[in-house]
Amino acid sequence: IELSRSPKETWGFIHYGGYMEINGIYFAKGEFYQIIRDIGGVWNDSKERPIVCLLKIDDTDIYWAIPMGNLNHRSEKAKERLDFYLNIEESDIRSCFYHIGKTTTDTIFFISDVIPIKEIYIDREYLGFNNIHYIIKNKKLISELERKLKRILYFEDSTPNYFRQHITDLKNKLLIME
């Protein structure tokens, strides 16, 4: 099985039909975000935001993905807010809400906005400068994203639906959907 096919070559830009790669960046279908709203979660993002697929924890078909954004598109006030969270004592769960790293640009990872997602809700791959699916390779970045994500998921396990997107309800909904 070929695991890293380009939708440009095989399926066109409109539909994604490949296999999700861990640390790969994708765009989700709009209908997925409607599911979040339908279960009572909040997803008000009007931008088409890429997500990085970071973990597949169990034998279900659910992956854990983190929304991303361009740090340079943030206002000074937003950057000050980020600095606050990034400089909180590491023992505080809020220190895991965000992370800044390098992808094709200076990137903010919205870790507390993590979503469980299935491949059927992936629209297409995020392409890098060379028009090839962008996969994060930086081991230090991946390690830090995974560390923070696991803390968020552990916190969610102990406090279901604490986060605005209702992670627990969304996962349960995805598990019963075909």
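Provided above is the structure to which this section pertains.
Residues numbered from 1 in each chain as written. Predicted model: local features only at pLDDT ≥ 70, side-chain atom pairs only at ≥ 80, totals over all residues. Heavy atoms only, no water.

S.K.: Quick rundown of the pairing of strand S5 (residues 106-109)? Include the residues and the values.
M.R.: With 3 bridges connecting them, strand S3 (residues 63-70) and S5 associate as antiparallel partners. In the sheet register, Asn 70 faces S5, and the bridge partner there is Thr 107. Relative to S5, strand S4 (residues 99-102) runs antiparallel, the two sharing 4 bridges. Bridge pairing in S5 places Ile 100 opposite Ile 108. A loop of 3 residues connects S4 with S5, the two strands running antiparallel in sequence. (Pairing = 2+ DSSP bridges. Helix = DSSP H or I, 4+ residues; strand = E, 2+ residues; numbered from the N terminus.)

S.K.: An account of the packing of aromatic side chains is requested, with residue identities and associated values reported.
M.R.: Centre distance and the angle of the planes are the two values used to describe a pair of aromatic rings. In the structure shown here, the tally under the stated rule is 13 aromatic pairs. Consider the rings of Phe 27 and Tyr 126, whose centres lie 5.9 Å apart with planes at 45°: the pair is tilted. Of this pair, Phe 27 sits in strand S1 (residues 25-28) while Tyr 126 sits in the loop between strand S7 (122-125) and helix H4 (139-158); the two residues are 99 residues apart in sequence, bridging distant segments of the chain. Neither Phe 27 nor Tyr 126 differs from the other in exposure class; each is buried. Ring plane angle 20° and centroid distance 4.8 Å describe the contact between Tyr 33 and Trp 43, whose orientation is recorded as stacked. Of this pair, Tyr 33 sits in helix H2 (residues 30-38) while Trp 43 sits in the loop between H2 and strand S2 (51-55), and the two are 10 residues apart along the sequence. Ring pairs connect the aromatic residues Phe 84, Tyr 85, Phe 97, Tyr 98, Phe 110, Phe 155, Tyr 162 and Phe 163, which therefore count as one cluster. (Phe/Tyr/Trp six-rings, centres within 6.5 Å; stacked < 30°, edge-to-face > 60°. Buried < 20%, exposed > 50% of the residue type's maximum accessible area, 1.4 Å probe, protein only.)

S.K.: Explain the pairing of S3 to me, using residue names and the numbers behind them.
M.R.: The buried fraction of S3 amounts to 7 of the 8 residues, a majority that puts the element mostly inside the structure. Note that S3 and strand S6 (residues 115-117) share 3 bridges and pair antiparallel. The residue of S6 that forms the bridge with Trp 64 is Pro 116.

S.K.: Account for the layout of surface pockets, with residues named and values stated.
M.R.: Roughly 470 Å³ of volume is contained in the largest pocket. If you go around the largest pocket, you meet 20 residues; those closest to its centre are Arg 81, Tyr 98, Phe 110, Asp 113 and Arg 164. At 3 residues, helix H3 (residues 76-86) tops the list of elements feeding residues into the lining of the largest pocket. Of the residues belonging to the lining of the largest pocket, the class tally is 10 nonpolar, 3 polar and 7 charged. (1 Å grid on protein atoms, 1.4 Å probe; cavity = no way out; pocket = protein on both sides within 12 Å on 5 of 7 lines; lining within 4 Å. Points joined across faces, edges and corners; volume = space filled by probe spheres on them. Nonpolar A, V, L, I, M, F, W, Y, C, P; charged D, E, K, R; others polar.)

S.K.: Account for the nonpolar core, with residues named and values stated.
M.R.: Counting residues in each nonpolar core, the largest one holds 50 residues, and the members touching the most others are Phe 32, Ile 51, Phe 109, Ile 115, Ile 117 and Leu 149. With 6 residues, H4 is the single largest residue contributor to this core. Residues contacting Leu 149, with those up to four places away along its chain left out, are Leu 54, Leu 55, Trp 64, Ile 66, Ile 111 and Val 114. (Core = buried A, V, L, I, M, F, W, Y, C linked by side-chain atoms within 4.5 Å. Contact = heavy atoms within 4.5 Å.)

S.K.: Just give me the short version of the pattern of salt bridges, but keep the residues and values in it.
M.R.: In total, this model carries 9 salt bridges according to the counting rule given. Residues Glu 90 and Arg 147 are paired through a salt bridge, measuring 3.8 Å at the closest nitrogen-oxygen approach. In this pair, Glu 90 is assigned in the loop between H3 and S4 and Arg 147 in helix H4, connecting sequence segments 57 residues apart. The class of Arg 147 is partly exposed, set by a relative accessible area of 26%. (Salt bridge = Lys/Arg side-chain N within 4 Å of Asp/Glu carboxyl O.)

S.K.: Explain unusual backbone geometry to me, and be specific about the residues and the numbers.
M.R.: Its identity as a non-glycine residue notwithstanding, Asn 23 has a phi of 75°, on the positive side. Mapped onto the elements, Asn 23 comes out in the loop between helix H1 (7-10) and S1. Residue class for Asn 23 comes out buried when judged on its relative accessible area of 13%. One non-glycine residue, Asn 161, lies in positive phi territory at about 60°. Within the secondary structure layout, Asn 161 lies in the loop between H4 and helix H5 (167-176).

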